[in-house]
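# Fold and contact review
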Amino acid sequence: MRYCPKCGAKIHDDELYCVACGARLPDDINTRFEEEQRENQGFNKWWLAPISAIIFSLVLAIALHFYLEYQQSQAKDYYKDGVELALDGQFNNAKDLFEQSLDYKSNYKAAIQSREFMDVAINIQNSLNEIDKLIEAESYQQAMNLTNDIEGKLKHYEGEVVNHLLTSIVDKRNEIKIEQVRSELDEENGIDELKILLWQIESIDSEEADELENQMKERIVNYSFNRANEELNDNHFTTALSIVRDALRYVPGEEKLESLRTTIEKQQVAFETEQNKRIQQALNQFEIEQEHNANDAVEVNSIEATLNDEGQIVVKGELKSVATVPIHSLSVKYTLHNDDEEEVLENETFLYPETLYPDETAQFEYTHYDIEEEVEITIEQISWYLEGQ
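Residues numbered from 1 in each chain as written. Predicted model: local features only at pLDDT ≥ 70, side-chain atom pairs only at ≥ 80, totals over all residues. Heavy atoms only, no water.

## Focus on the overall build of the protein chain
Of the regular secondary structure elements, the protein chain holds nine helices and nine strands. Since a compact globule built from 389 residues should have a radius of gyration of about 21 Å, the 63 Å found for the protein chain marks it as more spread out than a globular shape. Its C-alpha atoms put the protein chain at 220 × 50 × 30 Å along the principal axes. Within the protein chain, the proportion of its 389 residues that are buried is 31%. Put simply, of all contacts in the protein chain between residues at least 6 apart along the chain, 56% involve residues at least 24 apart. Total accessible area on the protein chain stands at roughly 25000 Å², and carbon and sulfur atoms take up 47% of it. Charge separation in the protein chain, taken as the distance between the mean sites of 34 positive and 81 negative side-chain charges, equals 31 Å. (Helix = DSSP H or I, 4+ residues; strand = E, 2+ residues; numbered from the N terminus. Rg over C-alpha atoms; globule rule 2.2 N^0.38 Å. Buried < 20%, exposed > 50% of the residue type's maximum accessible area, 1.4 Å probe, protein only. Contact = heavy atoms within 4.5 Å. Areas by Shrake-Rupley, 256 points an atom, 1.4 Å probe, with all protein chains shown as cover. Lys, Arg positive; Asp, Glu negative; His and termini not counted. Charge placed at Lys NZ, Arg CZ, Asp CG, Glu CD.)

## Examining the environment of L198
In this structure, L198 sits in helix α6 (residues 191-202). Counting along the chain gives 11 residues from L198 to A209, while the straight-line C-alpha distance between them is 9.8 Å. Ignoring anything within four residues of it in the chain, the contact list for L198 reads E213, M216, K217, I220 and Y250.

## Some details on helix α2 (residues 91-104)
Counted at 1.5 Å a residue, the expected span for α2 with its 14 residues is 20 Å, and the 20 Å between its end C-alpha atoms agrees. Taken residue by residue, α2 has F91, A94, L97, F98, S101 and L102 as its buried positions. Along the axis of α2, the buried positions cluster into a sector of 145°, meaning they face one direction only. (Expected span 1.5 Å × (residues − 1). Arc of directions from axis to C-beta.)

## As for the nonpolar core
Formed by 29 residues in total, the largest nonpolar core has its most connected members in F91, F117 and M118. Mapped by element, the contributors of at least two residues to this core are α1 (29-87), α2, α3 (109-136), α4 (140-152) and α5 (160-184). Per-element tally for this core: the top contributor is α3, with 11 residues. Core analysis: the next-biggest nonpolar cluster, separate from the first, contains 27 residues, V181, L212, L241 and I264 among them. (Core = buried A, V, L, I, M, F, W, Y, C linked by side-chain atoms within 4.5 Å.)

## Things to note about the packing of aromatic side chains
Considering all chains together, one arrives at six aromatic pairs under this definition. Here the aromatic rings of Y78 and Y104 are separated by 5.6 Å at their centres, their planes lie at 20°, and the arrangement is stacked. In this pair, Y78 sits in helix α1 while Y104 sits in helix α2, placing the two residues 26 residues apart along the sequence. Classification of Y78 as partly exposed rests on a relative accessible area of 21%. Note on Y79 and F98: the rings are 5.5 Å apart at their centroids and 45° apart in plane angle, and the pair reads as tilted. Of the two residues, Y79 sits in helix α1 while F98 sits in helix α2, which places them 19 residues apart along the sequence. Site record: aromatic cluster; members linked through ring pairs are Y70, Y78 and Y104. (Phe/Tyr/Trp six-rings, centres within 6.5 Å; stacked < 30°, edge-to-face > 60°.)

## Focus on the sheet that holds strand β8 (residues 361-368)
Taken in spatial order, the three strands line up as β3-β4-β8 in an open sheet, and their pairing is antiparallel. One side of each edge strand has no neighbouring strand; the edge strands of this open sheet are β3 (298-307) and β8. Averaged over all pairs of adjacent strands, the angle between strand axes in this sheet comes to 10°, irrespective of strand direction. (Pairing = 2+ DSSP bridges. Axes fitted to C-alpha atoms, helices over the stretch in contact; angles between N-to-C directions.)

## So, the environment of D13
Along the chain, the position of D13 falls in the loop between β2 (10-11) and α1. Along the backbone, D13 and A94 are 81 residues apart, and their C-alpha atoms lie at a distance of 81 Å.

## What to know about the packing of helix α7 (residues 207-233) against helix α8 (residues 237-248)
Packed helix pairs are characterised by how far apart their axes lie and by the angle those axes make with each other. Where α7 meets α8, the axes come as close as 8 Å, and the angle between the chain directions of the two elements is 170°. One way to sum up the angle between α7 and α8 is to call them roughly antiparallel. Between α7, through I220, S224, R227, A228, E231 and L232, and α8, the contact on the second element is made entirely by F237, T239, A240, I243, V244 and A247. Considered class by class, the residues forming the contact of α7 with α8 number eight nonpolar, two polar and two charged. (Parallel < 35°, antiparallel > 145°, perpendicular 65-115°, else oblique. Nonpolar A, V, L, I, M, F, W, Y, C, P; charged D, E, K, R; others polar.)

## Thoughts on the packing of α4 against α5
Put simply, α4 and α5 touch, their axes get as near as 10 Å, and they point 170° apart. Looking at the two axes, α4 sits roughly antiparallel to α5. Only L166, I169, R173, I176, K177, E179, Q180 and S183 of α5 make contact with α4, whose side of the interface consists of Y140, A143, M144, T147, N148, I150 and E151.

## Some points on the pairing of β3
Sheet analysis places β3 next to strand β4 (residues 313-321), joined by nine bridges and oriented antiparallel. Of the residues in β4, the one forming a bridge with S302 is E318. In this structure, the hairpin formed by β3 and β4 is closed by a connection of five residues, where G311 is found at a positive phi of approximately 80°.

## A word on the environment of V221
Along the polypeptide, V221 turns up in helix α7. For V221 and E255, which are 34 residues apart along the polypeptide, the C-alpha to C-alpha distance reads 9.9 Å. Excluding residues within four positions of it along the chain, V221 makes contact with V251, E254, K256 and L257.

## Looking at the side chain of S114
Its place among the elements puts S114 in helix α3. The exposure class assigned to S114 is buried, which follows from its relative accessible area of 14%. In contact with S114, not counting residues within four places along its chain, are Y79 and F98.

## So, a negative patch on the surface
There is a patch of like negative charges on the surface, built from D339, D340, E341, E342, E373, E374 and E376. Take D340: it is sitting in the loop between β5 (327-337) and β6 (343-350). (Patch = residues over 30% accessible without salt bridge, like charges linked within 9 Å, V, L, I, M, F, W, Y side chains within 5 Å. Salt bridge = Lys/Arg side-chain N within 4 Å of Asp/Glu carboxyl O.)

Everything listed is a geometric property; what it means functionally is a separate question.
Next comes the structure, spelled out in structure tokens:
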């Protein structure tokens, strides 16, 4: 196949003119062929430049793509390493890696934010170190205020590093509470103070707090046991039980206190049973004594009827109280008989003193002016009143 050297249209070997443009074709076929080759060579050179440019552009684009990929990869690697250091608390080193990450990718938003946050984290870390000095100086309230301040600096941030910092702040706050409680705990603490300190330490989850909590619980147990035991010895069962039950609220199931509570309850039952028995015995004894006091409260020590120098009959005697309570208004009714055992007269007289206490004596004396003969006396009745009658 041949082509027109003027317009490039297809021609046949035997044609003299181009049917497309009308140009005369070379007479010699070989000459026509050489011209055609020259035309074809010119055509290939014309397309060589743009093709080369395209190829160069592609190569450049591919190279640029791999370069950017490398930059992106390096930026990510430095960023990841920085995050690891930040999570480990090495904020200064982490900040350096975030800056190196930005050297490879200046618009890396995560690295920019992390680098800025490292300044906040470094400041917080310094504050946490300052808290250690305040704890050592026993400035617990100031230390607690500082934890609140640095916690406020994190309220606008979030993420794993922030969570680690918040955990460190919580741990530091617990450390402050533990040291404060430890400083307030001494041998002079009463039971109420121990309860308050125990309440403060129970919310802290740490080995130190657990150790301190166990120490305080042991003191509460010993203190309550001793106090309850003293009350038990004085038979104050209700008070003793109250002390033990209150302590068991703080140390539920504590064997020593549970055993003491059982002992108190059993002794209370035994004491009340014995007390009821004594009361019943006392009531029985009281009834016996009341009967005795009502019927046999006095005994006669002496009684006689004699003639005086004027020839008058003088009756006198002495009674003794054998009652268990005071008696009063004692009186004696008696009769006088002559030698023939005939009744001469009957009389009643009161004794003095008016009130007679147990084991005391009372006397009476009465003169009969109308009898001038010797007589015998017989007591007919002795009367008295008990207190309250």
